[in-house]
Amino acid sequence: MHNFKELKSWQKAIDFYLDIYKLTGQFPIEEKFGLILQLRRSGVSVPSNIAEGSGRNSDKEFLNFLSIATGSSYEIETQLIIAHRLGYIKEEEIKEATLKLTEIQKMIFAFSNKIRTNIKQ
């Protein structure tokens, strides 16, 4: 069992969600039930799955939730690309968001590998 609040990946994912929330606030109102909703759901899924997995009984279960968090991060990346192509976010905004998201993905990947190593021992 891990204390999710101490995990850097969870902390960064929370901060990133706040960025997503603010970013989607500038989208057109007609996207309220489209990209805004999708990005916010995907965005909250990353830290939520890290937290939920940390409370599971085994590292194998935790790995599953980390995998789901990673999948959600790629979903966010795709949605950001679509939002950019639609002109809802600027080039510099997508670059900044993508850099932050890539950092979170790397952290989750490294943590997952650490857990896998511990399982094998």
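Model, not experiment: these values are computed from the prediction.

J.: How should the pattern of salt bridges be read in this particular structure?
T.: Opposite charge on two side chains lets them pair, provided their charged atoms get close. Applying the stated criterion across every chain, the model contains five salt bridges. Between E52 and R56 there is a salt bridge whose closest N-O contact spans 2.7 Å. By relative accessible area, E52 is classed as partly exposed at 39%. Among the charged side chains, a salt-bridge network with shared partners connects D19, E96 and K100.

J.: Would you mind going over the packing of helix α3 (residues 59-85) against helix α4 (residues 91-120) with me for this structure?
T.: Helix-helix packing: each pair is described by the crossing angle between the helix axes and the interaxial distance. Two numbers describe how α3 lies on α4: the axes approach to 10 Å, and their chain directions differ by 165 degrees. One finds that α3 runs roughly antiparallel with respect to α4. At the point where α3 passes α4, the crossing takes the left-handed sense. A class-by-class count of the residues in the contact of α3 with α4 yields 15 nonpolar, six polar and five charged.

Thresholds applied
- In every chain, residue numbers begin from 1 and rise along the written sequence.
- Only residues with pLDDT of 70 or above have their local features reported here, since the model is predicted, and side-chain atom pairs are shown and tallied only from 80 upward, although totals for entire chains, interfaces and linings are computed over all residues.
- Only hydrogens and water are removed before side-chain values are computed, so all heavy atoms of the structure are retained for them.
- Here, a salt bridge means any Lys or Arg side-chain nitrogen found within 4 Å of an Asp or Glu carboxyl oxygen.
- Each residue's exposure class comes from its accessible area (1.4 Å probe, protein chains only) as a fraction of the maximum for that residue type: buried when under 20%, exposed when over 50%, partly exposed otherwise.
- Helix axes are fitted to C-alpha atoms over the stretch in contact, other axes to C-alpha atoms as well, and angles between N-to-C directions run from 0 to 180 degrees.
- Put simply, DSSP marks the helices as runs of H or I at least four residues long and the strands as runs of E at least two long, and each gets a number from the N terminus on.
- Relative orientations are named as follows: roughly parallel for angles under 35 degrees, roughly antiparallel for angles over 145 degrees, roughly perpendicular for angles from 65 to 115 degrees, and oblique for any other angle.
- Crossing handedness follows the turn of the near helix against the far one: under a right angle anticlockwise gives a left-handed crossing, and clockwise gives a right-handed one.
- Under the convention adopted here, Pro, Cys and the residues Ala, Val, Leu, Ile, Met, Phe, Trp and Tyr are nonpolar, Asp, Glu, Lys and Arg are charged, and Gly plus all remaining residues are polar.

This is a description of form; function is not addressed.
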